[in-house]
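So the chains spell out like this:
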Amino acid sequence: MSHRHWQSELAGLADPAQYTAPLVIEAAQGTRLMGLLRSMLVIRHTEDQIGQLVVAGLARTPCHLGIGQEAVAVGVATQLRTTDRVFGNHRSHAHFLALGGTPTSLIAEVLGKASGTSRGMGGSMHLFGREFGFHGSVPIVGATIPIATGAALAAKLDGGDSVAVAFFGDGATEEGVFHESMNLAAVHDLPVLFVCENNLFSSHLDIELRQPSDRISRYAEAHRVRSLTVDGNDLLAVEAAANALITGIRQGAGPALLEAVTYRFRGHVGPNEDIDVGVHRRMADVSAWKRRCPIKRLSEGLLAAGIVSGDELAALEREVVAKITDAVTLARRADYPDPSALHDLVYACRP
Amino acid sequence: MNSQPPAASTETSYGEAIRAGFVHLLSSHREVFAIGQGLWSPWYVGNSMTDLDKLFGKARVIDTPVSELACTGAAVGAALCGYRPIVIHPRMDFMVLAADQIINQAAKWHHMLGGQAIAPVTIRAIINRGGEQGAQHSQALHAWFAHIPGLRVVMPSSVADARDLLVASVLCDDPVLYIDDRWLYERKAVLPAVSERPLAAEGPRVVRSGTDITLVGAGYSSWLCEQAAEILAAEGLDAEVIDVRVLNPFDPAVILASVSRTGRLCVVDGGWRNAGWAGEVIASVAEALDPRQLKSSPRRITLPNAPAPTSRMLEADYYIDAGHVAAAARTMLAARETAS
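Here, residues in each chain are numbered from 1, in the same order as that chain's written sequence. Lettering for chains starts from A, numbering for ligands starts from 1, and both go in the order in which the items are written. A pLDDT threshold of at least 70 governs which residues receive local features in this predicted model, and a stricter bar of 80 or more applies before side-chain atom pairs are shown or counted, although totals over entire chains, interfaces and linings include all residues. To obtain the side-chain values, all non-hydrogen atoms of the structure were included, while hydrogens and water were left out.

**Remarks on the overall build of chain B**
So, step 1. Strands here mean DSSP runs of E at least two residues long; helices mean DSSP runs of H or I at least four residues long; both are numbered from the N terminus. The helix and strand inventory of chain B stands at 13 helices and 14 strands.
So, step 2. In this treatment the radius of gyration is a C-alpha quantity, and the globule benchmark scales as 2.2 Å times the residue count to the 0.38 power. The C-alpha atoms of chain B give 20 Å as radius of gyration, which agrees with the globular expectation for 340 residues (20 Å, within 12%).
So, step 3. Along the first, second and third principal axes, the C-alpha set of chain B runs to 65 × 50 × 40 Å.
So, step 4. In chain B, which comprises 340 residues, the share counted as buried stands at 59%. Between buried and exposed lies partly exposed: a residue is buried under 20% and exposed over 50% of the maximum accessible area for its type, with that area taken using a 1.4 Å probe on protein chains only.

Listed below in structure tokens is the structure:
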């Protein structure tokens, strides 16, 4: 098969043995980056506890965990405003939390409770938080790419400088609508950022079995869309690229694609590391990628720069875990939606 | 705008009435825009959108790349962000490429996000049967879409509805599939002043009163029922005609009341027979009425279960006309004479 001769075109970004060093941190950024580290820890531990709820049989809705990919959501979120419009996908816990969603409302939603962010009607795959700019996530692969393009059309008609963002994976770039949307956005100069979290897998299938190249940004070149490809496990690299692209979009330069190369530590759906939709994963790969963990690299950078001590880091992590444990308790106690919601929410307009 | 205001007695065509709906919406509601293929073409959608781009600008009347799915999705996205877009699919067949955005997205977001998001998008699909257009340019897929909870489906038949149901669809906070039919474009009537009515209050309507039999249709089929009723009237047979207008959510109350009086139901549908719209109407009546109220078995007149042919000779066999409807009604009423 042709893939025997397949070579990565990502200049080492797909190789977990590279890009493992601690991030280099300026002292002046210390306080701000401690806040972002905390945000990444909140995402990590919220998803870890959601995984435990799946194991315990308490969460039944399909839960697609993004553990290992936290830097992409957090890095892009730092460049966004609450008036921007962000859309997610099946794996969007991190996007929701990074933009300002609370662990309690997310966990309650995963448990199907009325206090959940979608009032218990959506579950893990249908999240919503308009007050902080998160306008919805859905699991049909690629579906929010044209929707974000339309949100960008709305922004253009509104005037002003707000942007729309679509988060999706490398699998979505195999959907025709990704290309239709890039073309439409390019032709109409729409203010949209396409963020591809290229984690090198779609469900259980390696990108080398699905595409002739692992470099997603080549599609942006075909559609005359500006793009950057970065190490998605480097918070500072993601932030810098998002800043460059979003600044351009706000100034009227038209759409852009950000490709962030990353890796998920868990399978496609559910909490297992070694099983991906029934297919055994190479644990050596998972272990290698854990050495490139975005939280580890940021923490080590903060330690190396003398911004935080090991004890302080341990205390921070304990505090985050305690907070999320409380969130789980609150969510488990919450009520289920009233049965009337089943019928009353079908239409917004009533006679 | 139209070059001059029509005199009070001037008749307007169905196609012109659709255009009047667009003019009203684009003039009175700044959150409305139109997007789709062929909108800058003088012929793609008949006379129903002529020169709208020149009147309202190409920023609000947007002709697009050949991307039904992305353009429909973009309309859904803009609808989620405060706009009321109208997506135009010049052939309903082409809209099939946009099914994900209509069925999985627009129809679901309000429900699955707990009522917090609305997608007030109107998807306009045009049925363009006949004319040797063949199997992929002439389908009537209303039954498919009327199956989807959360998606309102309307089929205007009258000239006034061509305009007013478009206006009501666009101003409704739910996603609406508005289906018009090129075979209605030359239907003419005096058009009353435009009125903005809530779509949720609209439903089937008696368009001709009668006592012997209830004829039910939607869109072009409803017009066939009216023409058949004229034929039957000349023979002394008194048919009631009900124009369904709104296929989803479907309220059969008007049809039930009619059939409980006439005892006879004939449903005419420009779609296919199997799992079709006519079957839904008959089932709604059959499960609600006492069988003793029916004087004959309900009957449906539909397209045969075959793709549309291209050759005109086969088209003549394929499509329904008013004569077929009148003949079926005559047969059902003849059974009455035999029985009594």
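So much for the structure itself; the text now carries on.
**Structural notes on the sheet that holds strand S12 (residues 246–248) of chain B**
Residue and element names in this part refer to chain B.
So, step 1. By definition, two strands form a pair when at least two bridges between them are found by DSSP. Read across the sheet, seven strands follow the order S3-S2-S4-S5-S7-S6-S12 without closing on themselves; strand pairing throughout is mixed. Whereas interior strands pair on both sides, the edge strands pair on one side only; in this sheet they are strand S3 (61–63) and S12. Within the sheet, the average angular offset between the axes of one strand and its neighbour, ignoring direction, is 20°. The axes are straight lines fitted to the C-alpha atoms, using for helices just the contacting stretch, and the angles between their N-to-C directions are given from 0 to 180°.

**Things to note about the pairing of strand S8 (residues 256–261) of chain A**
Residues and elements named next belong to chain A.
So, step 1. Most of S8 is tucked away, with six of its six residues classed as buried.
So, step 2. Every second residue of S8 is oriented toward a common face, with Ala 256, Leu 258 and Ala 260 on one face and Leu 257, Glu 259 and Val 261 on the other, all of them buried.
So, step 3. Taken together, the six bridges between strand S4 (residues 192–198) and S8 define a ladder with parallel strand orientation. Among the inter-strand pairings, Cys 196 is bridged to a residue of S8, identified as Glu 259.
So, step 4. Where strand S7 (residues 226–231) lies against S8, six bridges are found, and the strand directions are parallel. Among the inter-strand pairings, Leu 228 is bridged to a residue of S8, identified as Leu 258.
So, step 5. Here the term right-handed applies to a crossover when the path leading from its first strand over the helix to its second strand runs clockwise, the strands being oriented away from the viewer. For the segment spanning S7, helix H8 (residues 235–250) and S8, crossover handedness is right-handed.

**A word on the interface of chain A and chain B**
Many analyses report the size of an interface as the accessible area lost when the parts associate.
So, step 1. Listed per partner, the contact involves 40 residues of chain A and 44 residues of chain B.
So, step 2. Simply put, the buried area is the total loss of 1.4 Å probe accessible area from both parts when two parts are fitted together. Here chain A packs against chain B, burying approximately 3400 Å² in sum over the two surfaces, 68% of which is carbon and sulfur.
So, step 3. Criterion for a salt bridge: a side-chain nitrogen of Lys or Arg within 4 Å of a carboxyl oxygen of Asp or Glu. At the surface where chain A touches chain B, the tally comes to zero salt bridges.
So, step 4. In protein, a polar contact requires one atom able to donate a hydrogen and another able to accept it; more generally it is a pair of N or O atoms within 3.5 Å, and residues adjacent in sequence count only if both atoms are side-chain atoms. Counting across the chain A and chain B interface gives 16 residue pairs in polar contact (both at pLDDT 80 or more).
So, step 5. Elements supplying a minimum of two residues to the side of chain A that touches chain B: strand S1 (85–88), strand S2 (134–137), helix H5 (144–158), helix H6 (176–187) and helix H12 (340–344) of chain A.
So, step 6. Element by element, the count of residues in the side of chain A that touches chain B is highest for H5 of chain A, at nine residues. Note on contacts: a residue pair is in contact if any heavy atoms of the two residues lie within 4.5 Å.

**Comments concerning the pattern of salt bridges**
Residues and elements named next belong to chain A.
So, step 1. Counted by the stated rule, this structure contains 37 salt bridges over all chains.
So, step 2. One salt bridge connects Asp 231 with Arg 297, and the closest N-O pair in it is separated by 2.9 Å. Residue Asp 231 is found in strand S7, and its partner Arg 297 is found in helix H10 (residues 294–304); the two are separated by 66 residues along the sequence.
So, step 3. Classification of Arg 297 by relative accessible area gives buried; the value is 3%.

**A short note on the layout of surface pockets**
All names here are of chain A.
So, step 1. Counted as a void, the second largest pocket has a volume near 290 Å³.
So, step 2. Taken together, 27 residues make up the lining of the second largest pocket; nearest its centre are His 90, Arg 91, Val 141, Gly 169 and Gly 171.
So, step 3. The biggest single contributor to the lining of the second largest pocket is strand S3 (residues 164–169), with three residues. Cavities and pockets were defined on a 1 Å grid built over protein atoms only: a cavity is a set of grid points that admits a 1.4 Å probe from which the probe cannot escape, a pocket is an open set flanked by protein on both sides within 12 Å along at least five of seven lines, and lining residues are those with an atom within 4 Å of any such point. Grid points are joined across faces, edges and corners, and a volume is the space filled by probe spheres set on the points.

**Regarding the environment of Glu 221 of chain A**
Residues and elements named next belong to chain A.
So, step 1. Following the sequence through the fold, Glu 221 ends up in helix H7 (residues 217–222).
So, step 2. On the accessibility criterion, Glu 221 (43% relative accessible area) is partly exposed.
So, step 3. On a C-alpha basis, the gap between Glu 221 and Leu 257 in space is 9.6 Å, while along the polypeptide they are 36 residues apart.
So, step 4. Looking at Glu 221, its side chain comes within polar contact range of the side chain of Arg 215, at 3.0 Å.

**Some thoughts on the environment of Cys 63 of chain A**
Residues and elements named next belong to chain A.
So, step 1. Looking at where Cys 63 falls in the secondary structure, it is placed in the loop between helix H1 (30–55) and helix H2 (70–77).
So, step 2. Residue Cys 63 is classed as buried on the basis of its relative accessible area of 3%.
So, step 3. Setting aside residues up to four positions removed in sequence, Cys 63 forms contacts with Ile 50, Val 54, Val 110, Ser 124, Val 269 and Gly 270.

**Quick notes on the sheet that holds S7 of chain A**
All names here are of chain A.
So, step 1. Reading across from one edge, S2-S1-S3-S4-S8-S7 is the order of the six strands in this open sheet, with parallel pairing throughout. Looking at the sheet topology across the chains shown, the edges are occupied by S2 and S7. The average angle at which neighbouring strand axes cross in this sheet is 15°, direction not considered.

**Structural notes on the packing of aromatic side chains**
So, step 1. Only the six-membered ring of Trp is used, alongside the rings of Phe and Tyr, when aromatic pairs are assigned; centres must lie within 6.5 Å, and planes under 30 degrees apart are stacked while those over 60 apart are edge-to-face, with the rest tilted. Applying the stated rule across the entire model yields 16 aromatic pairs over all chains.
So, step 2. Ring plane angle 65° and centroid distance 6.0 Å describe the contact between Phe 33 of chain B and Tyr 83 of chain B, whose orientation is recorded as edge-to-face. Placement of Phe 33 of chain B in strand S2 (residues 32–36) and of Tyr 83 of chain B in the loop between helix H3 (68–80) and strand S4 (84–89) is noted, with a sequence separation of 50 residues between them. Each member of the pair, Phe 33 of chain B as well as Tyr 83 of chain B, carries the same accessibility label: buried.
So, step 3. Between Trp 183 of chain B and Tyr 319 of chain B the ring centres are 5.1 Å apart and the planes differ by 70°, which places this aromatic pair in the edge-to-face class. With a gap of 136 residues between them, Trp 183 of chain B in the loop between strand S7 (176–181) and strand S8 (188–190) and Tyr 319 of chain B in the loop between helix H12 (312–318) and helix H13 (322–339) connect regions that are remote in the sequence.
So, step 4. Taking the relative accessible area as the measure of exposure, Trp 183 of chain B reaches 31% and is therefore partly exposed.
So, step 5. Comment: the charge-over-ring label is applied if NZ (Lys) or CZ (Arg) is within 6 Å of the ring centre and within 35 degrees of the ring normal. Sitting over the face of the ring of Tyr 219 of chain A, Arg 218 of chain A holds its NZ or CZ atom 4.3 Å from the ring centroid.

**Regarding empty space enclosed by the protein**
Residues and elements named next belong to chain B.
So, step 1. Tallied over the full model, the rule gives five cavities of 30 Å³ or more.
So, step 2. By volume, the largest cavity is sized at about 60 Å³.
So, step 3. Taken together, Arg 129, Trp 183, Tyr 220, Ser 221, Leu 224, Gly 270, Leu 303, Tyr 319 and Ile 320 make up the full set of residues lining the largest cavity.
So, step 4. If you tally residues by element for the lining of the largest cavity, the top one is helix H9 (residues 220–233), at three residues.
So, step 5. Under the grouping applied here, Gly and all other residues not named as nonpolar or charged are polar, the nonpolar ones being Ala, Val, Leu, Ile, Met, Phe, Trp, Tyr, Cys and Pro and the charged ones Asp, Glu, Lys and Arg. Grouping the constituent residues of the lining of the largest cavity by class yields six nonpolar, two polar and one charged.

**A closer look at the pairing of S4 of chain B**
All names here are of chain B.
So, step 1. With six of six residues buried, S4 is to be regarded as a mostly interior element.
So, step 2. Alternating residues of S4 divide into Arg 84, Ile 86 and Ile 88 and Pro 85, Val 87 and His 89, and every residue in both groups is buried.
So, step 3. As paired strands, S2 and S4 are joined by five bridges and run parallel to one another. The residue bridging Gly 36 from the neighbouring strand is Ile 88, located in S4.
So, step 4. In this sheet, strand S5 (residues 122–127) lies alongside S4 in parallel orientation, the contact comprising four bridges. Within S5, the residue paired with Ile 88 across the bridge is Arg 124.

Keep in mind these values describe shape, not function.
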